[in-house]
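# Topology and contacts: notes
Listed below are the residues making up each chain.
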Amino acid sequence: MQLILASQSPRRKELLGLFHIPFTVRTSDADETMDPNLPPEGEVARVSRLKAQAVPHEDGDVVVAADTIVVCDGQVLGKPRSRDHAIEMLSLLSGRDHQVMTGLTVLAKGQQVSVTEITDIHFRELSQKEICAYVDTGEPMDKAGSYGIQGGAALFAEKMHGDYYNVMGLPVCRLGKILRQLVPELLEENP
């Protein structure tokens, strides 16, 4: 039995490492396009499922895949395409509530579990100067919603309700529950 992370995200690698279980990273080439006419919580789970199914694995392997989006007033914010796009997204989030949704899929023993974890966040009012300064650090450029809660955007998040690690891209508590349900021996072998 091999544990496979279907992601090249350094944050997901770090978070899966919290389980102290050896794992392999395999990149998925799944189409991550979401249908804007469908509810984002269902779409992000569907994309995580496609990622899990797309990586090469054997029957006895355990595959973990995730996809994270930010949703503000029904608008899905993925990764920024440019500096201006990142500024636009952060300006939208300034002084507002939004949700971080991570679709999580685990494949194990012929079973598939897909869920969506949602964390509610409120950003304080941000000035254009601080938005531009943050974007110029380069940190937002590979992150949904153009921010990393574990980095400079920690200064923006005034309130949070839900799983902090979900905002980083992998809801570890929820993942632990699913692994205990599907492959308890994986966690027993690696305390």
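Here, every reference points to the structure presented above.
Residues numbered from 1 in each chain as written. Predicted model: local features only at pLDDT ≥ 70, side-chain atom pairs only at ≥ 80, totals over all residues. Heavy atoms only, no water.

## Points about the overall build of the protein
- Helices and strands together make up the secondary structure of the protein, namely 7 helices and 7 strands.
- Written out in order from the N terminus, the α and β elements of the protein read β-α-β-α-β-β-α-β-β-α-β-α-α-α.
- The C-alpha atoms of the protein give a radius of gyration of 17 Å, which matches the 16 Å a tight globule of 191 residues would have.
- Principal axes of the C-alpha set define a box for the protein whose edges measure 50 × 35 × 25 Å.
- Expressed as a percentage of the 191 residues in the protein, the buried residues total 49%.
- Considering only contacts within the protein whose residues lie at least 6 apart along the sequence, 66% involve residues at least 24 apart. (Helix = DSSP H or I, 4+ residues; strand = E, 2+ residues; numbered from the N terminus. Rg over C-alpha atoms; globule rule 2.2 N^0.38 Å. Buried < 20%, exposed > 50% of the residue type's maximum accessible area, 1.4 Å probe, protein only. Contact = heavy atoms within 4.5 Å.)

## A look at the layout of surface pockets
- What the largest pocket holds in volume is close to 710 Å³.
- Lining the largest pocket are 36 residues, and of these Arg12, Glu32, Asp67, Thr68 and Lys79 sit closest to its centre.
- For the lining of the largest pocket, the leading source of residues is strand 3 (residues 62-72), giving 4 residues.
- Classifying every residue of the lining of the largest pocket by side-chain character gives 15 nonpolar, 11 polar and 10 charged.
- One number sums up the size of the second largest pocket: a volume of about 170 Å³.
- Along its surface, the second largest pocket is lined by Gln75, Val76, Leu77, Gly78, Lys79, Arg81, His85, Glu88, Met89 and Leu92.
- Counting only elements with at least two residues in the lining of the second largest pocket, the list comes to strand 4 (75-77) and helix 3 (83-93).
- A total of 4 residues in the lining of the second largest pocket trace back to one element, the largest contributor, which is helix 3. (1 Å grid on protein atoms, 1.4 Å probe; cavity = no way out; pocket = protein on both sides within 12 Å on 5 of 7 lines; lining within 4 Å. Points joined across faces, edges and corners; volume = space filled by probe spheres on them. Nonpolar A, V, L, I, M, F, W, Y, C, P; charged D, E, K, R; others polar.)

## Quick look at the pattern of salt bridges
- This structure, assessed with the given rule, holds 10 salt bridges.
- Salt bridges here are not isolated pairs; linked through shared partners, they connect Arg11, Asp142 and Lys143. (Salt bridge = Lys/Arg side-chain N within 4 Å of Asp/Glu carboxyl O.)

## Observations concerning the nonpolar core
- Counting 45 residues, the largest nonpolar core has Tyr147, Leu170, Leu175 and Leu179 as the members making the most contacts within it.
- With near-sequence residues (within four places) excluded, Leu170 lies in contact with Arg12, Leu15, Leu16, Val64, Ala66, Leu104, Tyr165 and Leu175.
- In this structure, Ala6, Ala52, Val63 and Leu107 belong to the second largest nonpolar core, which totals 7 residues. (Core = buried A, V, L, I, M, F, W, Y, C linked by side-chain atoms within 4.5 Å.)

## Remarks on helix 4 (residues 128-135)
- Those residues of helix 4 that sit buried are Ile131, Tyr134 and Val135. The arc enclosing the buried residues of helix 4, seen along the axis, measures out at 100°, which places them on a common side.
- On its buried face, helix 4 sits against helix 3. (Arc of directions from axis to C-beta.)

## As for the pairing of strand 3
- Here strand 3 lies mainly inside the structure; 11 of its 11 residues are buried.
- In strand 3, alternate side chains face the same way, and those of Val62, Val64, Ala66, Thr68, Val70 and Cys72 on one face and Val63, Ala65, Asp67, Ile69 and Val71 on the other are all buried.
- Two elements, strand 1 (residues 3-5) and strand 3, share 3 bridges in a ladder whose sense is parallel. The residue of strand 3 that forms the bridge with Ile4 is Val63.
- As paired elements, strand 3 and strand 5 (residues 97-108) share 9 bridges and run antiparallel to each other. Residue pairing in the sheet places Val64 in a bridge with Val106 of strand 5.
- Bridge analysis of strand 3 against strand 4 gives 3 bridges, and the strand direction is antiparallel. From the neighbouring strand, Cys72 faces strand 4, where its bridge partner is Gln75.
- Taking the residues that link successive antiparallel strands as the turn, the strand 3-strand 4 hairpin has 2 residues, and the phi of Asp73 there is positive, at about 50°. (Pairing = 2+ DSSP bridges.)

## Observations regarding the packing of aromatic side chains
- The full count for this structure, using the stated rule, is 4 aromatic pairs.
- An angle of 85° between the planes, with centres 5.3 Å apart, marks the rings of Tyr134 and Phe156 as edge-to-face. Residue Tyr134 is found in helix 4, and its partner Phe156 is found in the loop between helix 4 and strand 7 (157-161); the two are separated by 22 residues along the sequence. Here Tyr134 and Phe156 have matching classes, each one buried.
- Within the aromatic cluster, the residues linked to one another by ring pairs are Phe123, Tyr134, Tyr147 and Phe156. (Phe/Tyr/Trp six-rings, centres within 6.5 Å; stacked < 30°, edge-to-face > 60°.)

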